[in-house]
Amino acid sequence: MFPILVFAATTLGQSLLSDNPLEARQNNGPANTEIVAVDGELFTQSLRIETTQPGGKRSDASASWTNTTAIAASERIRVSFSVRKTAPADRFNIRATLRLEEAGTAPILDTVFPINTPIWTFYAFDLTAPKAYDPGTLALRLLHGQGPQTYEIGDLQWTRQPALPALSAEGEPVAPIGDWDRSTSYFDGTSGGGSARIVTAEGPGFTQAMRITTNGPSTVISRAALTWPLSRATVRNDVMHASFWVRRISSSTSAIQATAIVERNGGTFSKSLQISLPVETDQWQRFQMPFRMDDNYAPGGALFRFQFGGGPQVFEIADAKLLHYGTRATLEQLPVEFTYPGRNTVDATWKRDALSRIEADRKIDLSIRVVDPAGNPVKGATIAVQQLSQAFRYGSAITAGGIVGTTADDAQYRSRIESHFNTIVFENDLKWPFWEASNSFPQSRTRNAIRWLEDRQIPMRGHVLVWPSWRNTPADLPNLSPEALRTRIDNRIRNVLTDSGVAGKLYHWDVLNEPYDNFDIQGRIDGVSGVPASQGKLGNEEAIRWFELARQTDPNAKLFLNDYNQFESGNVNGVHLSYTYAFLQFLKDRNAPVDGFGFQSHFGTPQSIEVIDTIVKRYADAFPYIFAVSEFDVNTPDEAIQADFTKDFMTYIFSQKRFEDFLMWGFWERRHWLPRGAMYRADWSSKPNAVVSNNLLFRDWWTDLNGESDDEGKLKARVFKGTHQVTVRIGDTIQVLNVDGTTDKEVQIDLP
Ligand code: XIL
């Protein structure tokens, strides 16, 4: 049961609050707070907070607590609570912020906690104290001065967490990694060749480096490499740690194109480690990465490699080490260090440009005019504009099983979907093999989930009609004759698009997914260097028919091609990208009814926003289509870099008006194909990436403003596109109007 888990997880630490924290609150500003009884939860009381004044600033009212005992520097602390919204009875989020702050200094935690349902929803935030705090000096504060709204906080806990067990073992260096004389270099002649030579270097703790030169350009990263075999045997799940330094000497792109990998020697070349090294300065930059071996390997069965097909470029690598910890360490105990170009550059050009595009393109002028019953302008009326919903769609892949499920976790799952997202996509339920697997993925369950979402007015993307490889389609397909295969595909498209529970209910459909590496059915088009052309079983043109049939069957849905490795490889000339681009051109040239392109955005490692910008421009210049980020995740153990990149990437995408949608590929660790990519941990505590994205969506990109009508009875507001509640007050008269807008708008408020 979920509440028991929460209880157990949060009482481990020692409390920083007094015994009855709800009683011990300090109230400020115009909010009524009272303790009320709670039924059916593991806590029996909650704090009901009601703010009645419409508009106002968030900081106008607050409830606060301070630490009862001292906090040491670097101590890990956690704040957790359950929250629900009780009024007004609409589907909009409360306006509240949680802060941990010492008077006169910047908050060390500052986060919204979206909630729009009466379902008790658990939030927990973990952080490390940046310094020591004497008792009574660090305040935990709930800010909620914007009304009217009523919400309840239960089970408030503020605890110190036990320290992580210290690392007790040393890693054993794996030979011969780092011994430059014993590395093997390889440069494919078709990419211009290159060289690797040992040079003297001055860096922290080393005097030698390997200087790599590639004559490039190449579109395939594996066409140039430096390799060592792992001379020791390793066991699946062994903990390892890779570290090295890199600096750029020169390159044709802003950052060098290189990766570090540990992979199987032969066969599938399955990878235990893969990180890219987008270094763009001549300063030595350190990389450290803990990882686990993906399988058992005999000596020589796995390889450590730097790959750098690309360029032309010159760069140096130094002090490469691979340490073996086996079971003597956990990943969390080992240092992680890497970065991406532009990280933490507050005044980067791309960021300035993005912020001004957001101001220009994601907002409208809302002109409000207040008049009296005789139609005369009313001067001096107080006006609050409060955003209720955002026109830009943000959401996640979800599972129908979670929507209809009955566990406490399922309730948490649904509450977050309702409160955080204004779009979703089914992760698997509508895919062809799943749709036909009636035992494990009953269609009725999917229909019920769709109905639940419809009831809450949450729009849905459709994924995916045809994912054209034998491995991503039902098992009988390879044995069908071409004619029978064509009929089977047509039936599939019609079947799902005309299903009573599905038809007309999804605003986008991915018609075709990943044609670069899913091509058994339609083959690969000609004309992309490094990609042999083929016809598959039905021929290249067949894909056009799928779009046509989808258009005929569901004329209102916007139809998408969807693919990965566009932004993810950080390579403007990547072969996968080049193929996808050419394929989209192929569809466009033949007038296939394509409306949109989905950039999946499954990042293994963050990439330069400037490179991403170049890629977006390239697509935007060539195609008239709408764009979506359709499957975002950042699969890295470094939660700080994950959060920073999430913030930068979301900001950039939100600034590009071609994008109307941003979807993550899952949000909860226990329902995520790459659990490290999630935003909420198994116990529903928030990772840093959850905090940054919620703050962007529900604070930075959310209009809450207050003003007064002028001589003409007017107030001109610049507001985010979406729905806003306008509250006008003069004396005892209050008038409320909801305004929905994506273009400049003038509204008149008639006072009674
Ligand atoms: C993945 C799902 O997340 C997994 O549960 C499933 O086993 C395989 O597919 N690109 C896509 C998605 O278009 O459909 C994939 O989803 C992830 C990669």
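Conventions we followed
Every chain begins its residue count from 1, and numbering advances along the sequence as written. For a predicted model such as this one, the threshold for reporting local features is a pLDDT of at least 70, and the threshold for listing and counting side-chain atom pairs is 80 or more; totals across whole chains, interfaces and linings nevertheless cover every residue. Only hydrogens and water are set aside when side-chain values are computed; all heavy atoms of the structure are taken into account. Helix and strand definitions here come from DSSP, where helices need a minimum of 4 consecutive H or I residues and strands a minimum of 2 consecutive E residues; each element is numbered from the N-terminal end. Expected helix span is computed as 1.5 Å times (number of residues minus one). Burial classification: accessible surface area is computed with a 1.4 Å probe over protein chains only, and a residue below 20% of its type maximum counts as buried, one above 50% as exposed, and the rest as partly exposed. Throughout, a contact is declared for two residues whenever any of their heavy atoms are within 4.5 Å. Only the stretch in contact is used when fitting a helix axis, every axis being a line fitted to C-alpha atoms; angles between N-to-C directions are given from 0 to 180 degrees. Relative orientations are named as follows: roughly parallel for angles under 35 degrees, roughly antiparallel for angles over 145 degrees, roughly perpendicular for angles from 65 to 115 degrees, and oblique for any other angle. Crossing handedness is defined as follows: a turn of the near helix away from the far one that is anticlockwise and smaller than a right angle gives a left-handed crossing, while the clockwise case is right-handed. When residue character is reported, Ala, Val, Leu, Ile, Met, Phe, Trp, Tyr, Cys and Pro are called nonpolar, Asp, Glu, Lys and Arg charged, and the others, Gly included, polar. Two N or O atoms form a polar contact when they lie within 3.5 Å of each other; inside protein one atom must be a possible hydrogen donor and the other a possible acceptor, and for residues adjacent in sequence the pair counts only when both atoms belong to side chains. Side-chain atoms within 4.5 Å link the members of a nonpolar core, which is a set of buried Ala, Val, Leu, Ile, Met, Phe, Trp, Tyr and Cys residues. One heavy atom within 4 Å of a molecule or strand is enough for the residue carrying it to be called near that molecule or strand. Residue exposure ignores everything except the shown protein chains as possible cover, and the areas themselves are Shrake-Rupley values with a 1.4 Å probe. Whether two strands pair comes down to DSSP finding at least two bridges between them. In the sections that follow, a salt bridge refers to a side-chain nitrogen of Lys or Arg positioned within 4 Å of a carboxyl oxygen of Asp or Glu.

Visitor: I tried to follow helix α9 (residues 575-589) on my own but got confused; where do I start?
Guide: Note: α-helices contain 3.6 residues per turn, so residues at a spacing of three or four share the same orientation. With 15 residues, α9 should reach 21 Å at 1.5 Å per residue; the first-to-last C-alpha distance of 21 Å fits that figure. α9 sits mainly inside the fold: 11 of its 15 residues count as buried. Restricting attention to buried positions, one finds in α9 the residues V575, H576, L577, S578, Y579, T580, Y581, F583, L584, F586 and L587. If you follow the buried residues of α9, they end up packed against β28 (508-513), α8 (542-553), β29 (558-563), β30 (596-599) and α10 (609-622). After α9 finishes, the residue N591 shows a positive phi value of roughly 60 degrees.

Visitor: Explanation requested: the packing of α10 against helix α11 (residues 639-655) in the structure shown.
Guide: Geometry of a packed helix pair, given as the angle between the helix axes and the separation of the axes. Viewed as axis vectors pointing N to C, α10 and α11 meet at an angle of 30 degrees, and their least axial separation amounts to 11 Å. It follows that α10 is roughly parallel to α11 by the angle criterion. Viewed along their axes, α10 and α11 form a crossing whose handedness is right-handed. Seen from α10, the contacting residues are I609, I612, D613 and V616; seen from α11, they are F645, D648, F649 and Y652. Counted by class, the contact of α10 with α11 contains six nonpolar, no polar and two charged residues.

Visitor: Explain the side chain of N695 here, please?
Guide: Positionally, N695 belongs in helix α12 (residues 688-700). N695 gets classed as buried once you look at its relative accessible area, which sits at 6%. From its side chain, N695 meets the backbone nitrogen of V112 in a polar contact 3.0 Å long. Residues contacting N695, with those up to four places away along its chain left out, are D110, T111, V112 and D700.

Visitor: For this particular structure, what's the right way to read the nonpolar core?
Guide: Grouped burial of nonpolar side chains is what soluble globular proteins tend to show. In this structure, F244, F306, I417, L587 and F649 are the most contacted members of the largest nonpolar core, which totals 176 residues. By residue number, the principal contributor to this core is α9, which donates eight residues. Setting aside residues no more than four positions away along its own chain, I417 makes contact with I398, I403, I424, W452, L453, I458 and F667. Formed by 17 residues, the second largest nonpolar core is a distinct cluster that contains I383, A717, V726 and V747.

Visitor: Please clarify how the site of the ligand should be interpreted in this entry.
Guide: Neighbouring the ligand are E427, N428, K431, H463, W467, N513, E514, Q600, H602, E631, W665 and W673. One of the side-chain N or O atoms of E427 is found 2.5 Å from an oxygen atom in the ligand. A distance of 2.7 Å separates an oxygen atom of the ligand from a polar atom in the side chain of H463. Protein chains shield 77% of the accessible area of the ligand, which is 410 Å² for the free molecule. In terms of residue class, the shell around the ligand is built from three nonpolar, five polar and four charged.

Visitor: Got a minute to help me understand unusual backbone geometry in this structure?
Guide: Trans is the common state for peptide bonds, and a negative phi is the common state for residues other than glycine. The omega torsion of the bond from G147 to P148 falls at -10 degrees, within 30 degrees of zero and hence cis. With respect to the secondary-structure elements, P148 resides in strand β11 (residues 147-160). Cis geometry is found at the peptide bond from G311 to P312, where omega equals 5 degrees. Its location among the elements puts P312 in the loop between β21 (302-307) and β22 (313-326). Its identity is not glycine, yet F269 carries a phi of approximately 50 degrees, on the positive side. Looking at the secondary structure, you find F269 in the loop between β18 (259-264) and β19 (271-276).

Visitor: So what exactly am I meant to see when it comes to the sheet that holds β19 here?
Guide: Pairing in this open sheet of five strands is antiparallel, and the strands run β13-β16-β21-β18-β19 from one edge to the other. Of all strands in the sheet, those with a lone pairing partner are β13 (184-187) and β19, marking the two edges. Averaged over all pairs of adjacent strands, the angle between strand axes in this sheet comes to 20 degrees, irrespective of strand direction. Strand direction decides the pairing type here: β18 and β19, joined by five bridges, are antiparallel. The partner of I261 across the bridge, within β19, is Q274.

Visitor: What is the right way to read the pairing of strand β24 (residues 382-390) from this model?
Guide: Within a regular strand, side chains alternate between the sheet's two faces. Burial analysis of β24 places seven of its nine residues in the buried class, which makes it a mostly covered element. The pairing of β24 with strand β34 (residues 704-708) spans five bridges and is antiparallel. Counterpart to T382 in the pairing with β34 is E708. Pairing geometry for β24 and strand β36 (residues 722-730), over eight bridges, is antiparallel. Its bridge partner lying in β36, I383 is registered against V728.

Visitor: Looking at this structure, how should I read the pattern of salt bridges?
Guide: Two side chains carrying opposite charge are able to pair once their charged atoms lie near each other. Inspection of the entire model under this criterion finds 47 salt bridges. Two residues, R699 and D110, come together in a salt bridge whose shortest N-O distance is 3.6 Å. Taken together, the residues span a long stretch of sequence, with R699 in helix α12 and D110 in strand β8 (residues 109-112) at a distance of 589 residues. The partner of R699 in a salt bridge is D700, with the nearest N and O atoms 3.0 Å apart. With relative accessibility at 33%, the residue R699 sits in the partly exposed group. Beyond isolated ion pairs, a larger network of salt bridges with shared partners links R78, D126, E639, R681 and D683.

Visitor: Just to check I follow, could you spell out the sheet that holds β8 for this structure?
Guide: Read across the sheet, five strands follow the order β2-β5-β10-β7-β8 without closing on themselves; strand pairing throughout is antiparallel. Where the open sheet ends on each side, the last strands, each with one partner, are β2 (26-28) and β8. Averaged over all neighbouring strand pairs, the angle between strand axes comes to 20 degrees, with direction disregarded. With four bridges connecting them, strand β7 (residues 97-102) and β8 associate as antiparallel partners. Of the residues in β8, the one forming a bridge with R99 is D110.

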